[in-house]
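These are the residues of each chain, in order.
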Amino acid sequence: MKRAIILAFVAGLCGMAFAQQSLWGGQPVVSPEIHADNTVTFRLAAPDCTKVQVTGDFLPPQTIETPDGNYDMPGVADMTRGDGGLWEYTTPEPLAPELYNYNFFVDGVRVTDPANVYTIRDVANVMSVFIIGGDRADLYKVNAVPHGTVARTWYPSGLGFNRRMSVYTPAGYESSGIAYPVFYLLHGMGGDEEAWLALGRAAQILDNLIAEGKAEPMIVVMTNGNVNQEAAPGEAAAGFTVPAADRTQAMDGTFETYFPEVVNYIDNHYRTLADKRHRAIAGLSMGGFHSLHISKYYPDMFDYVGLFSAAILPRDEVSSPVYDDTEGKLKVQFEKNPALYWIAIGNTDFLYENNAEFRRLLDKNGYPYTYYETGGGHIWRNWRIYLSEFLPLLFK
């Protein structure tokens, strides 16, 4: 009786075989299948559905116009129905090495691939993922190298409650007895202290670059930039709340004002080289905005600054001492000769012109910086590239 009820429930979901595994006999669906030539086939068993599509960042992007600018969104491709209601799509060309994400649209409903257990959450979207190895993408894989440790650490905040951050310590930290430089790595709007680990593959990139001798062993601190949150959704007292890109206090100067408490906590609880020469800060989008303004507001705190697809100026309605006299603060910061000021962005990013204008300001004043441009827009593929390029430049 129980087996019949379960089977009826599964069949009722437009005939879609969500389990797609051989739970009660039959052949499991293989999806995604990466072929020897790096073409990829996606499959979904949905015998009673009328339209199935695949969407992912391996497809040509489509541009979406919003009040905040134009965004590149993953493309969509129709899947072909085969015998027994098995839908398939094979990429027409081999895929380049990369970490890819995708979903299915089943009669208009977005779902993950039930044959693929590997998923990543980005804000409120859950996506299936796979890796095509080779070249830079090998940095995103777990390889046979010494591995660092990632801890979720709670610290007392002046905001009135404890807050959580993720801290990477390099392989051997527990037994080495030595002190390490510290890199503060900040997420974007809608992210949290998990974003760089899950979507950015930060721990894998660090492990691999350090093992190859291309990056110095370092502590990496990934904070939660949403000052109204204790921790990532589902990891705080609020429980299983729906993740959202909440702008409340996200870029109003509060995060920047309270950032020294994070630095002080790390210096007091980890073996750090606690001086400007051994500190770096970088972030993507909102995190790049925070990195820009924290580094100029505290010009003696960080010698290495990275802006990855950064927002530049606060919204017109925002007022904070952190953002007052930006040019004056930049003058003080660059008079102190930071070791590296690094700016990176994609050439179709909706923030491209804002970054170009900021670079013109730096050029006008003769402030030295390094510029790195890629194709593409405001996407994790670029931010993983920027992290893997930025890390080898630190603490040299």
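This text gives an overview of the structure that appears in the document. This is a predicted model, so every value here is computed, not measured. (Residues numbered from 1 in each chain as written. Predicted model: local features only at pLDDT ≥ 70, side-chain atom pairs only at ≥ 80, totals over all residues. Heavy atoms only, no water.)

## Points about the overall build of the chain
For the chain, the helix and strand inventory stands at nine helices and 20 strands. Whereas a compact globule of 396 residues would reach a radius of gyration of roughly 21 Å, the chain reaches 23 Å, a difference of no more than 12%. Dimensions of the chain along its principal axes, counting C-alpha atoms only, are 70 × 50 × 45 Å. The buried share of the chain, reckoned over its 396 residues, is 51%. Residue pairs in contact within the chain that sit at least 24 positions apart in sequence constitute 73% of those at least 6 positions apart. Approximately 17,600 Å² of the chain is accessible, and the part contributed by carbon and sulfur atoms is 53%. (Helix = DSSP H or I, 4+ residues; strand = E, 2+ residues; numbered from the N terminus. Rg over C-alpha atoms; globule rule 2.2 N^0.38 Å. Buried < 20%, exposed > 50% of the residue type's maximum accessible area, 1.4 Å probe, protein only. Contact = heavy atoms within 4.5 Å. Areas by Shrake-Rupley, 256 points an atom, 1.4 Å probe, with all protein chains shown as cover.)

## Side note on the sheet that holds strand S14 (residues 162-169)
Spatially, the eight strands line up as an open sheet ordered S13-S14-S16-S15-S17-S18-S19-S20, and their pairing is mixed. Of all strands in the sheet, those bounded by a partner on one side alone are strand S13 (149-156) and strand S20 (370-374). For this sheet, the mean inter-axis angle between neighbouring strands, taken without regard to orientation, is 20°. Relative to strand S19 (residues 340-346), strand S18 (residues 304-308) is paired through five bridges, and the arrangement is parallel. (Pairing = 2+ DSSP bridges. Axes fitted to C-alpha atoms, helices over the stretch in contact; angles between N-to-C directions.)

## Regarding the sheet that holds strand S7 (residues 80-81)
Read from one edge to the other, the open sheet built from four strands follows the order S1-S2-S8-S7, with strand pairing classed as antiparallel. What marks the edges here is a single partner per strand, and that holds for strand S1 (33-34) and S7. Sheet topology note: the S7/strand S8 (residues 86-90) ladder contains two bridges and is antiparallel. Across the sheet, residue Thr80 finds its bridge partner in S8, namely Glu88.

## Side note on the packing of helix H6 (residues 286-297) against helix H7 (residues 326-335)
The N-to-C vectors of H6 and H7 enclose an angle of 65°; their axes lie 8 Å apart at closest approach. Taken together, the axis directions place H6 and H7 in an arrangement best described as roughly perpendicular. H7 is crossed by H6, and the crossing has left-handed handedness. For the pair H6 and H7, contact is made by His293, Ser295, Lys296 and Tyr297 and by Thr326, Lys329, Leu330 and Gln333, respectively. Its residues placed into classes, the contact of H6 with H7 shows two nonpolar, four polar and two charged. (Parallel < 35°, antiparallel > 145°, perpendicular 65-115°, else oblique. Left-handed = near helix turned anticlockwise from the far one by under 90°. Nonpolar A, V, L, I, M, F, W, Y, C, P; charged D, E, K, R; others polar.)

## What about H6?
The end-to-end C-alpha distance of H6, which contains twelve residues, comes to 16 Å, matching closely the 16 Å that a straight helix rising 1.5 Å per residue would cover. Residues of H6 that are buried include every one of Met286, Gly287, Gly288, Phe289, His290, Ser291, Leu292, His293, Ile294, Ser295 and Lys296, and no others. (Expected span 1.5 Å × (residues − 1).)

## Considerations on the pairing of strand S12 (residues 125-132)
In this structure, strand S9 (residues 98-106) lies alongside S12, joined through five bridges in antiparallel fashion. Among the inter-strand pairings, Asn101 is bridged to a residue of S12, identified as Val129. Alignment of strand S11 (residues 119-122) against S12, held across four bridges, turns out to be antiparallel. Residue pairing for S12: Ile120 is matched across the bridge by Met127. Two successive antiparallel strands, S11 and S12, enclose a turn made up of two residues, where Val123 displays a positive phi of approximately 55°.

## Focus on the pairing of S8
Of the two faces of S8, the one holding Trp87 and Tyr89 is buried and the one holding Leu86, Glu88 and Thr90 is not buried anywhere. Of the strand pairs in this sheet, strand S2 (residues 40-45) and S8 are connected by five bridges, and their pairing is antiparallel. Within S8, the residue paired with Leu44 across the bridge is Trp87. Hairpin connection between S7 and S8: a loop of four residues separates the two successive antiparallel strands, and Gly84 in this loop has a positive phi of roughly 75°.

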